[in-house]
Amino acid sequence: MTIDELDARLITLLTAEPRLGVLECSRRLGVARGTVQARLDRLAERGVITGFGPDVSPAALGYDVTAFVTMEIRQVAGHDPVADRLARIPEVLEVHTITGDSDLLCRVVARTNADLQRVIDRIVDVQGVLRTNSIIALDTPVPYRVLPLVADVPRREGR
């Protein structure tokens, strides 16, 4: 599953200006409207593009603290039951299974450091969680990004 240069240009354009319509994208890319629509459909169908919704800032909603919480869990029923329970906590933004001393890694948000304690208490109360360790993020000098990967694929594939 690879993308070509036109796919990369389309993804880059929509990342920079997500409100552009298909017609405007086709005009800017110099291709037919049907080509842009077909590319978008194919990229979405293949799971390359996973959404078209707005990116929402937790800080703008009052959640100024971001933390990463690792946890050891009871492995009797696996990770899924614990992950399902964690998903019920609104402040848990992501849950990843990991290797190493811990089993799960969560990215969580809270309104304040005191509120983070409340969130961690909720996590600790989840059935199957044995132990947690938290790290508070002070800054995000490199936010989540995929455009460098998008730009690299056609080059790496020699296209």
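Remember, predicted model here, so these are calculated numbers, not experimental data.

Description of the packing of helix α1 (residues 5–16) against helix α6 (residues 147–156)
So, point 1. Between α1 and α6, the shortest axis-to-axis distance is 8 Å and the interhelical angle comes to 165 degrees. Judged on the interaxial angle alone, α6 and α1 are roughly antiparallel. With respect to the hand of their crossing, α1 and α6 are arranged in left-handed fashion. Listed contacts from α6 to E5, A8, I11, T12 and T15 of α1 are L147, V150 and P154.
So, point 2. Here the residues of the contact of α1 with α6 are counted per class, giving five nonpolar, two polar and one charged.

Remarks on the domain arrangement of the protein
So, point 1. Splitting the protein by domain gives domain 1 (5–54) and domain 2 (58–137).
So, point 2. Computed from C-alpha atoms alone, the centre-to-centre distance between domain 1 and domain 2 is 34 Å.

Here's the deal with the UniProt feature "domain: HTH asnC-type" (unreviewed entry) in the protein
So, point 1. Listed under "domain: HTH asnC-type" (unreviewed entry) in the UniProt record, and renumbered for this structure, are residues 3–64.
So, point 2. Split by type, residues 3–64 is 53% helix and 0% strand. Its first and last C-alpha atoms lie 36 Å apart.

Notes on a nonpolar patch on the surface
So, point 1. Residues Y144, V146 and L149 make up a contiguous nonpolar surface patch of roughly 380 Å² in combined accessible area.
So, point 2. The topology assignment puts Y144 in the loop between β4 (129–137) and α6.
So, point 3. Owing to a relative accessible area of 76%, Y144 belongs among the exposed residues under this scheme.

Topic: the environment of V48
So, point 1. Position of V48 among the secondary structure elements: in the loop between α3 (33–45) and β1 (65–73).
So, point 2. A sequence separation of 53 residues divides V48 from D101, and the C-alpha atoms of the two residues are 32 Å apart.
So, point 3. Beyond its immediate chain neighbours, meaning those up to four positions away, V48 contacts I3, I11 and L43.

How each quantity is defined
- Residues numbered from 1 in each chain as written.
- Predicted model: local features only at pLDDT ≥ 70, side-chain atom pairs only at ≥ 80, totals over all residues.
- Heavy atoms only, no water.
- Axes fitted to C-alpha atoms, helices over the stretch in contact; angles between N-to-C directions.
- Helix = DSSP H or I, 4+ residues; strand = E, 2+ residues; numbered from the N terminus.
- Parallel < 35°, antiparallel > 145°, perpendicular 65-115°, else oblique.
- Left-handed = near helix turned anticlockwise from the far one by under 90°.
- Contact = heavy atoms within 4.5 Å.
- Nonpolar A, V, L, I, M, F, W, Y, C, P; charged D, E, K, R; others polar.
- Domains from an automatic or database assignment.
- UniProt positions renumbered as here; feature names shortened; annotations may be inferred.
- Patch = residues over 30% accessible without salt bridge, like charges linked within 9 Å, V, L, I, M, F, W, Y side chains within 5 Å.
- Areas by Shrake-Rupley, 256 points an atom, 1.4 Å probe, with all protein chains shown as cover.
- Salt bridge = Lys/Arg side-chain N within 4 Å of Asp/Glu carboxyl O.
- Buried < 20%, exposed > 50% of the residue type's maximum accessible area, 1.4 Å probe, protein only.

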